[in-house]
Amino acid sequence: MKLSLYAKQQGISYRTALRWFRAGTIRGYQAPTGTIIVTEGESAPATQPQKVAVYARVSSPEHRENLERQAARLADYCATRG
């Protein structure tokens, strides 16, 4: 598959995929036309666990229950997205 399609499927930018290809992290070859072809069956390199900071705020102390809901909603969102 083309490098651009591979990048889209992996959720990374084309420039990152190109950097990985040049570093040898992604296996493939460059066609005579210059198109980079990623060999089938390759997956993204193993990623390190990421740290995420979640920020929630409300305008006043009377809205504290909204703060708790907002923080829970953000934590659920982060967990869903990995």
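Rules of the game
- Residues numbered from 1 in each chain as written.
- Predicted model: local features only at pLDDT ≥ 70, side-chain atom pairs only at ≥ 80, totals over all residues.
- Heavy atoms only, no water.
- Helix = DSSP H or I, 4+ residues; strand = E, 2+ residues; numbered from the N terminus.
- Buried < 20%, exposed > 50% of the residue type's maximum accessible area, 1.4 Å probe, protein only.
- Contact = heavy atoms within 4.5 Å.
- Areas by Shrake-Rupley, 256 points an atom, 1.4 Å probe, with all protein chains shown as cover.
- Polar contact = N/O pair within 3.5 Å; in protein donor to acceptor, adjacent residues only side chain to side chain.
- Salt bridge = Lys/Arg side-chain N within 4 Å of Asp/Glu carboxyl O.
- Axes fitted to C-alpha atoms, helices over the stretch in contact; angles between N-to-C directions.
- Parallel < 35°, antiparallel > 145°, perpendicular 65-115°, else oblique.
- Left-handed = near helix turned anticlockwise from the far one by under 90°.
- Nonpolar A, V, L, I, M, F, W, Y, C, P; charged D, E, K, R; others polar.

Student: Where do I start with the overall build of the protein in this structure?
Tutor: Each helix and strand in the protein was counted, giving three helices and two strands. Out of the 82 residues belonging to the protein, those deemed buried represent 17%. If you take every contact in the protein between residues at least 6 apart in sequence, the share linking residues at least 24 apart comes to 31%. Approximately 6,800 Å² of the protein is accessible, and the part contributed by carbon and sulfur atoms is 51%.

Student: Whenever I open this one, the environment of Thr33 confuses me. Can you help?
Tutor: Tracing the sequence through the fold places Thr33 in the loop between β1 (28–30) and β2 (36–38). For Thr33, a relative accessible area of 68% translates into the label exposed. There is a polar contact of 3.3 Å between the side chain of Thr33 and the side chain of Thr35.

Student: What am I meant to see in helix α2 (residues 14–23) here?
Tutor: The periodicity of an α-helix, 3.6 residues per turn, causes residues three or four positions apart to be oriented the same way. Residues of α2 that are buried include every one of Thr16, Ala17, Leu18 and Phe21, and no others. Buried residues along α2 sit in contact with α1 (3–10), β1 and β2. With its phi angle positive at about 90°, Gly24 sits one or two positions after the end of α2.

Student: In this structure, what is going on with the pattern of salt bridges? I would like to understand it.
Tutor: Side chains that differ in sign of charge can pair as their charged atoms come close. Summed over the entire model, instances satisfying the criterion amount to one salt bridge. With a shortest N-O distance of 3.4 Å, Glu68 and Arg64 are connected by a salt bridge. With a gap of four residues between them, Glu68 and Arg64 both fall in helix α3 (residues 64–81), about one helical turn apart.

Student: Explanation requested: the environment of Glu62 in the structure shown.
Tutor: Relative to the helices and strands, Glu62 resides in the loop between β2 and α3. Side chain to side chain, Glu62 and Ser60 meet in a polar contact 2.9 Å long.

Student: Whenever I open this one, the environment of Gln30 confuses me. Can you help?
Tutor: Looking at the element boundaries, Gln30 is found in strand β1. Apart from the residues lying within four places of it in its own chain, the contact partners of Gln30 are Phe21, Thr35 and Ile36. Within the structure, Gln30 has its side chain in polar contact with the backbone oxygen of Gly34 (distance 3.0 Å).

Student: Mind showing me how you'd approach the side chain of Ser60 here?
Tutor: Here Ser60 lies in the loop between β2 and α3. Here the side chain of Ser60 touches His63 through a polar contact of 3.0 Å, side chain to side chain.

Student: Please explain the packing of α1 against α2 as it appears in this structure.
Tutor: Packed helix pairs are specified by the crossing angle of their axes together with the interaxial distance, meaning the distance between the axes. Contact pair α1 / α2: the axes reach a minimum separation of 9 Å and the direction vectors enclose 110°. Accordingly, the angle class assigned to the pair α1 and α2 is roughly perpendicular. Crossing of α1 over α2 shows right-handed handedness. Between α1 and α2, the contacting residues are Leu3, Ser4 and Ala7 on the first element and Tyr14, Ala17 and Leu18 on the second. A per-class count over the contact of α1 with α2 returns five nonpolar, one polar and no charged.

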